[in-house]
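Notes for the structure review
Spelled out, the chains give:
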Amino acid sequence: MTEASQPLLFFDTGVGGLSVFAKAREFLPQAPVIYAADYAGIPYGEKSEMEVATRVCALLGRLSERYRPRLAVIACNTASVIALAHVRAVLGIPIVGTVPAIKPASLATKTGVFGLLGTKATIRQPYVDRLEAEFAQGMTMLRHAAPELVAPAEAKMRGEVPDPAAFRSAMAGLLYQPQGDQIDTVVLGCTHFPLVETELAQAARDLGHVREIRFVDGAEGIAHRIVHLTEGQAWPEKPAPGLFVTTGASEQILAYRPALAEYGLTEFATL
Ligand code: DGL
């Protein structure tokens, strides 16, 4: 039986998962929430499948024991496409993953050509091949690994102004591929990327791309899924303040505090 005080747990390597977290909060403002960032392990996009899978399972196991969440959201595409099945096999609570929004992109594109930006580890996964085969039949999905976007997204949340070169290089990697000029939709297949969507749109214009690009991510679908999975459960009258947990040093997150407060994360702990 779920108790009203049991939180929803969100997990990412850094602040990327806030793009998912924010949507879920909008739908379930009464939910107690914990946001965990694996700053000791960021970036996952450069790690092997084995490293990501073992790390994510171990950390979610520890977080579940400590905080007894009613549900966990892996708010990281890299961790989800690699470790979702493993985590589901070991934890006895519902686990919601974040996988590249290929289906919504295939429904949105008018030209039939859309892009996928993700980390290196994400875009090489068979999970992504399966999504492409299932939803993008007869269309062209151009992939590009853009690990250089993770650091600027983190910097922006610390209140810094990121260098625009990273946004141009990421968008050029997609738009300059054969048929890239026909791209009208781009899947933001890493949860850090929606945090810099405006910058990516500007970069596309700076590169002379004439079509308006629609950026899609999985946040809204995930929020609906959480609502569905928690239907009928009790929530507290007044939820406890949101808790931010880091696997890294607590000083490292001082600069993020003003941005985190805007997301309702005002309590801090280390794992
Ligand atoms: N936010 C993570 C994702 O959605 C990746 C960032 C990283 O490389 O750690 O894939």
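This write-up is about the structure you can find in this document. Everything quoted here is computed from the prediction, not taken from an experiment. (Residues numbered from 1 in each chain as written. Predicted model: local features only at pLDDT ≥ 70, side-chain atom pairs only at ≥ 80, totals over all residues. Heavy atoms only, no water.)

1. Some remarks on the overall build of the protein chain
Within the protein chain, the regular secondary structure consists of 11 helices and 10 strands. Radius of gyration (C-alpha) of the protein chain: 18 Å, near the 18 Å computed for a compact globule of 271 residues. Considering only C-alpha atoms, the protein chain reaches an extent of 55 × 40 × 35 Å along its principal axes. Looking at the protein chain as a whole, 56% of its 271 residues are labelled buried. Surface summary for the protein chain: the accessible area is close to 11,600 Å², and the carbon and sulfur share equals 53%. Between the centroid of the 24 positive side chains of the protein chain and the centroid of its 28 negative side chains there is a distance of 3 Å. (Helix = DSSP H or I, 4+ residues; strand = E, 2+ residues; numbered from the N terminus. Rg over C-alpha atoms; globule rule 2.2 N^0.38 Å. Buried < 20%, exposed > 50% of the residue type's maximum accessible area, 1.4 Å probe, protein only. Areas by Shrake-Rupley, 256 points an atom, 1.4 Å probe, with all protein chains shown as cover. Lys, Arg positive; Asp, Glu negative; His and termini not counted. Charge placed at Lys NZ, Arg CZ, Asp CG, Glu CD.)

2. Quick word on the site of the ligand
Close contacts around the ligand come from 14 residues, with Tyr44, Asn77, Thr78, Thr191 and His192 the closest. Contact between the ligand and Asp12: a nitrogen atom at 3.0 Å from a side-chain N or O atom of the residue. A distance of 2.7 Å separates an oxygen atom of the ligand from a polar backbone atom of Asn77. Taking 300 Å² as the accessible area of the ligand by itself, protein coverage stands at 100%. Spatially, the ligand is embedded in the largest cavity. Here the residues of the shell around the ligand sort into six nonpolar, seven polar and one charged. (Near = heavy atom within 4 Å. Polar contact = N/O pair within 3.5 Å; in protein donor to acceptor, adjacent residues only side chain to side chain. 1 Å grid on protein atoms, 1.4 Å probe; cavity = no way out; pocket = protein on both sides within 12 Å on 5 of 7 lines; lining within 4 Å. Sits in = over half its atoms within 2 Å of the grid points. Nonpolar A, V, L, I, M, F, W, Y, C, P; charged D, E, K, R; others polar.)

3. Some words on the packing of aromatic side chains
Scanning the model with the defined rule gives five aromatic pairs in all. Taken together, Phe10, Phe21, Tyr35, Phe244 and Phe268 form an aromatic cluster joined through their ring pairs. The residue whose ring lies beneath Arg130 is Tyr127, and the NZ or CZ to ring-centre distance is 5.4 Å. (Phe/Tyr/Trp six-rings, centres within 6.5 Å; stacked < 30°, edge-to-face > 60°. Lys NZ or Arg CZ within 6 Å of the ring centre and 35° of its normal.)

4. Structural notes on the state of the cysteines
If you walk through the whole model with that rule in mind, you get zero disulfides. With no disulfide partner, Cys57 has as its closest neighbouring cysteine sulfur the one in Cys76, 13 Å distant. Looking at Cys57, the relative accessible area reads 19%, which means it is buried. Sulfur of Cys76: no disulfide; nearest cysteine sulfur belongs to Cys190 and is 6.6 Å away. Its relative accessible area of 4% is what places Cys76 among the buried residues. (Disulfide = S-S within 2.5 Å.)

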